[in-house]
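Residues per chain, in single letters:
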Amino acid sequence: WYQRRVRVAKTAGVKQLIVLINKMDDPSVDWDKARYDDIISRLLPFLKQSGFKTNDIKFMPASGLTGANLKEPLDPKVCPWFKGPPFLTYLDALPSFKDPSTDKPFRLSIVEKFKDMGTMVMGKVISGECRKNQSLTIMPNKTVVQVAE
């Protein structure tokens, strides 16, 4: 399933990729660096084959269940080998690729729609910007939606 999402992302013009290696807190893994490196070694050839350069891919260990390394840095006692920032801090530090012209309306070319936790769409921003809680209109059927977190 991730292979399709990677190809769609590349087709949509995504240039940088952050790969969160989830469930590192599982008792069978217990933040083991060897397991983390094994996952990376299995993913990297496919990501490169899909057109991503090694320098444009960032791998990060995480736990979605406990929230470890999402908002707060990992405790060195739990994971002594990872020294990078947490996911959200890293994401916030990425350079902005938005259109500098703020007078243009927000336009998103929708590439894929899926229903995990509500309806979510993935696409490429053509112009403008959107913000949390902003109301948008999906065309051509004029459906009003609200931007969630």
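For the structure, check the block above.
(A) The nonpolar core, seen in detail. Judged by nonpolar contacts, the single largest core of 22 residues is most densely connected at Val19, Ile21, Leu43, Leu47 and Phe59. Those elements that provide at least two residues to this core are β1 (17-21), α2 (33-49) and β2 (57-61). With six residues, the top contributor of residues to this core is α2. Residues contacting Phe59, with those up to four places away along its chain left out, are Val19, Ile21, Tyr36, Ile40, Leu43, Leu44, Leu47 and Phe82.

(B) Structural view of helix α1 (residues 2-11). Of all the positions in α1, only Val6, Val8 and Ala9 are classed as buried. One side of α1 carries all its buried residues, which in axial view fall inside an arc of 165°. Exposed residues pointing more than 90 degrees away from the buried face of α1 are listed as Arg4 and Thr11. On its buried side, α1 packs onto α2, β3 (107-115) and β4 (119-127). A positive phi of about 100° marks Gly13, the residue just after α1.

(C) Here's a closer look at the environment of Asp25. Position of Asp25 relative to the elements: it lies in the loop between β1 and α2. For Asp25 and Pro61, which are 36 residues apart along the polypeptide, the C-alpha to C-alpha distance reads 9.3 Å. Not counting chain neighbours up to four residues away, the residues in contact with Asp25 comprise Trp31, Ser63, Leu65 and Thr66. A distance of 2.8 Å separates the side chain of Asp25 from the side chain of Ser63, its partner in a polar contact.

(D) Representation of α2 within the structure. With 17 residues, α2 should cover 24 Å at 1.5 Å per step; its first-to-last C-alpha distance of 25 Å lies within 8% of that length. At Leu43, α2 shows its largest kink, close to 30°, and the proline Pro45 lies no more than four residues downstream. Of all the positions in α2, only Tyr36, Ile39, Ile40, Leu43, Phe46 and Leu47 are classed as buried. In the core, the buried residues of α2 are packed alongside α1, β1 and β2.

(E) Local environment of the packing of aromatic side chains. Counted under the stated rule, the structure contains two aromatic pairs. An angle of 45° between the planes, with centres 4.7 Å apart, marks the rings of Tyr36 and Trp81 as tilted. One end of the pair, Tyr36, is in helix α2; the other, Trp81, is in the loop between β2 and α3 (87-93), and 45 residues separate them in sequence. Note on Trp81 and Phe82: the rings are 6.4 Å apart at their centroids and 80° apart in plane angle, and the pair reads as edge-to-face. On the basis of relative accessibility, which here comes to 11%, the residue Phe82 falls in the buried class. One Lys or Arg, Lys10, reaches over the ring of Phe52 and ends 4.7 Å from the middle of that ring.

(F) Expanded view of the side chain of Glu112. Looking at the secondary structure, you find Glu112 in strand β3. Looking at Glu112, its side chain comes within polar contact range of the side chain of Arg5, at 3.1 Å.

The rules behind each value
Residues numbered from 1 in each chain as written. Predicted model: local features only at pLDDT ≥ 70, side-chain atom pairs only at ≥ 80, totals over all residues. Heavy atoms only, no water. Core = buried A, V, L, I, M, F, W, Y, C linked by side-chain atoms within 4.5 Å. Buried < 20%, exposed > 50% of the residue type's maximum accessible area, 1.4 Å probe, protein only. Helix = DSSP H or I, 4+ residues; strand = E, 2+ residues; numbered from the N terminus. Contact = heavy atoms within 4.5 Å. Arc of directions from axis to C-beta. Polar contact = N/O pair within 3.5 Å; in protein donor to acceptor, adjacent residues only side chain to side chain. Expected span 1.5 Å × (residues − 1). Bend = angle between axes of the 7 residues up to and from the residue. Phe/Tyr/Trp six-rings, centres within 6.5 Å; stacked < 30°, edge-to-face > 60°. Lys NZ or Arg CZ within 6 Å of the ring centre and 35° of its normal.

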